Structure formats: C-alpha cells, structure tokens
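The residues making up each chain are set out below.
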Amino acid sequence: MVVTNILAALIGLYFICGGIAILSDRKAMAGMMQSLIDQPVLGYLGGVMAFAIGGTILAVHSLWTGWLASFVTLVGWVALAEGVLLIAARERFLKIVSKVNLDNSFGTAMSLAIIALGGALLITSLW
C-alpha cells in the first residue's frame, strides 16, 4: 500500500503539472508535439523514457485491488504502451495524437480534468 500511495502521489503531481503546462502555454505544447514529429531522435528518446517509466511502475506495482492501486497499474500499462508505440510506430502514433487540438474549449476542459484528477490522486494518496 505504501508503494501505491507514493506512485499515486507522483502521478498526481505529474498530472497537475501537465495540466497547468497545457493551460499556460498551449503554443509550446503544440511546438513540442511538432518537434517529436520532425526530429525522430526526440520521439525515440521520449519512447524510451515512457517505456522505462511504465515498465518500472509495473515491475514494482501490478495490483488491481481498489481504485487507487488499479489506477496506478493502469498508468503503468498506458506509459509502457506509449513507449512501445513511440519506439516502434512513431510516425503513425504521433500523426494520430497530434490531431488533438488544445487551443479550444476542449483543450481547456481536458486540462482542467487532468488537474482535477491529479489533485484527487495526490489527496487520496496522502490519506
């Protein structure tokens, strides 16, 4: 349970920071996506990092008991899958992901939802 709480707190903080980043500098976020598309080495390195993070989460935490433990495990699987896709099918994967427009009300709603989820994870993990 301690590992679940630590990972949930870290994931929650990551979600909060990511949501704030999208809200505060959408052009930079779009620019980063374009860099991943234009510079294969960045996409590959991002894939290696996502793979390593997802694999590490799953190596130390693969529990499906309760919503918090299940969510942490799910994040591990999603990160691992993202890493695999960025390494093995970068162009196709980024072509799909880059279609998400963050410069509209959907981007704002998504950012706020990510921040709220991160806050819920952080608060729950501390109790």
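In this report, we go over the structure that sits alongside the text. Since this is a predicted model, take the numbers as computed values, not measurements. (Residues numbered from 1 in each chain as written. Predicted model: local features only at pLDDT ≥ 70, side-chain atom pairs only at ≥ 80, totals over all residues. Heavy atoms only, no water.)

1. Thoughts on the nonpolar core
Here is step 1: One finds Leu7, Ala8, Ile11, Phe15, Ile57, Leu68, Phe71, Val72, Val75 and Leu121 forming the largest nonpolar core, which totals 10 residues.
Here is step 2: Looking at this core, the elements with two or more residues in it are helix H1 (2-24) and helix H4 (67-88).
Here is step 3: Contacts of Leu68, omitting those with residues within four sequence positions, involve Thr4, Asn5, Ala8, Leu121, Thr124 and Ser125. (Core = buried A, V, L, I, M, F, W, Y, C linked by side-chain atoms within 4.5 Å. Buried < 20%, exposed > 50% of the residue type's maximum accessible area, 1.4 Å probe, protein only. Helix = DSSP H or I, 4+ residues; strand = E, 2+ residues; numbered from the N terminus. Contact = heavy atoms within 4.5 Å.)

2. Let's talk about the packing of H1 against H4
Here is step 1: One way to put it is that H1 packs onto H4 with a least axis distance of 10 Å and a crossing angle of 60 degrees. Here H1 lies oblique to H4, going by the angle between them. Helix-helix and strand crossings are classified by hand; for H1 and H4 the assignment is left-handed. Between H1 and H4, the contacting residues are Thr4, Asn5, Leu7, Ala8, Ile11 and Phe15 on the first element and Leu68, Ala69, Phe71, Val72 and Val75 on the second.
Here is step 2: Of the residues in the contact of H1 with H4, the class split is nine nonpolar, two polar and no charged. (Axes fitted to C-alpha atoms, helices over the stretch in contact; angles between N-to-C directions. Parallel < 35°, antiparallel > 145°, perpendicular 65-115°, else oblique. Left-handed = near helix turned anticlockwise from the far one by under 90°. Nonpolar A, V, L, I, M, F, W, Y, C, P; charged D, E, K, R; others polar.)

3. Here's the deal with the environment of Leu86
Here is step 1: Within the element layout of this structure, Leu86 appears in helix H4.
Here is step 2: For the pair Leu86 and Leu45, spaced 41 residues apart in sequence, the C-alpha separation works out to 8.6 Å.
Here is step 3: Once residues within four sequence positions are removed from consideration, Leu86 is found in contact with Gly43, Gly46, Gly47, Phe93 and Leu94.

4. Some thoughts on the side chain of Ser70
Here is step 1: Tracing the backbone shows Ser70 in helix H4.
Here is step 2: For Ser70, a relative accessible area of 17% puts it in the buried group.
Here is step 3: Contact partners of Ser70, with chain neighbours within four places excluded, come to Leu63, Trp64 and Thr65.

5. With respect to helix H3 (residues 40-60)
Note that an α-helix has 3.6 residues per turn; residues three or four places apart therefore point the same way.
Here is step 1: Here H3 spans 30 Å end to end across 21 residues, near enough to the 30 Å set by a 1.5 Å rise per residue.
Here is step 2: Every buried residue belonging to H3 is among Gly43, Gly47, Ala50, Gly54, Ile57 and Leu58, and all of these are buried. The buried side chains of H3 occupy one side of the element, clustering within an arc of 100 degrees when seen end-on. Away from the buried face of H3 by more than 90 degrees, exposed residues Val41, Met49, Ala59 and Val60 are located.
Here is step 3: Where H3 is buried, its residues contact H1, helix H2 (26-38), H4 and helix H5 (90-97). (Expected span 1.5 Å × (residues − 1). Arc of directions from axis to C-beta.)

6. Let's talk about the packing of aromatic side chains
Here is step 1: In this structure the tally under the stated criterion is two aromatic pairs.
Here is step 2: Residues Tyr14 and Phe15 carry aromatic rings whose centres are separated by 6.2 Å and whose planes lie at 50 degrees to one another, so their mutual orientation is tilted.
Here is step 3: Relative to Phe71, the ring of Phe15 lies with its centre 6.2 Å away and its plane at 85 degrees, an arrangement referred to as edge-to-face. Within this pair, whereas Phe15 is found in helix H1, its partner Phe71 is found in helix H4, the two being separated by 56 residues in sequence. (Phe/Tyr/Trp six-rings, centres within 6.5 Å; stacked < 30°, edge-to-face > 60°.)

7. Observations regarding the environment of Ala59
Here is step 1: Its location among the elements puts Ala59 in helix H3.
Here is step 2: Judged by relative accessible area, Ala59 falls into the exposed class, the value being 66%.
Here is step 3: Residues Ala59 and Thr73, spaced 14 residues apart in sequence, show a C-alpha to C-alpha distance of 9.9 Å.

8. Focus on a nonpolar patch on the surface
Here is step 1: Where nonpolar side chains cluster on the molecular surface, the patch consists of Val41, Leu42, Tyr44, Leu45, Val48, Phe51, Val84 and Ile87 and spans about 660 Å² of accessible area.
Here is step 2: Put simply, the parts of the chain that give the nonpolar patch at least two residues each are H3 and H4.
Here is step 3: Sort the elements by how many residues they give to the nonpolar patch and H3 lands first, with six residues.
Here is step 4: Note that Leu45 resides in helix H3.
Here is step 5: By relative accessible area, which is 45% here, Leu45 ends up partly exposed. (Patch = residues over 30% accessible without salt bridge, like charges linked within 9 Å, V, L, I, M, F, W, Y side chains within 5 Å. Areas by Shrake-Rupley, 256 points an atom, 1.4 Å probe, with all protein chains shown as cover. Salt bridge = Lys/Arg side-chain N within 4 Å of Asp/Glu carboxyl O.)

The values are spatial; any link to function lies outside them.
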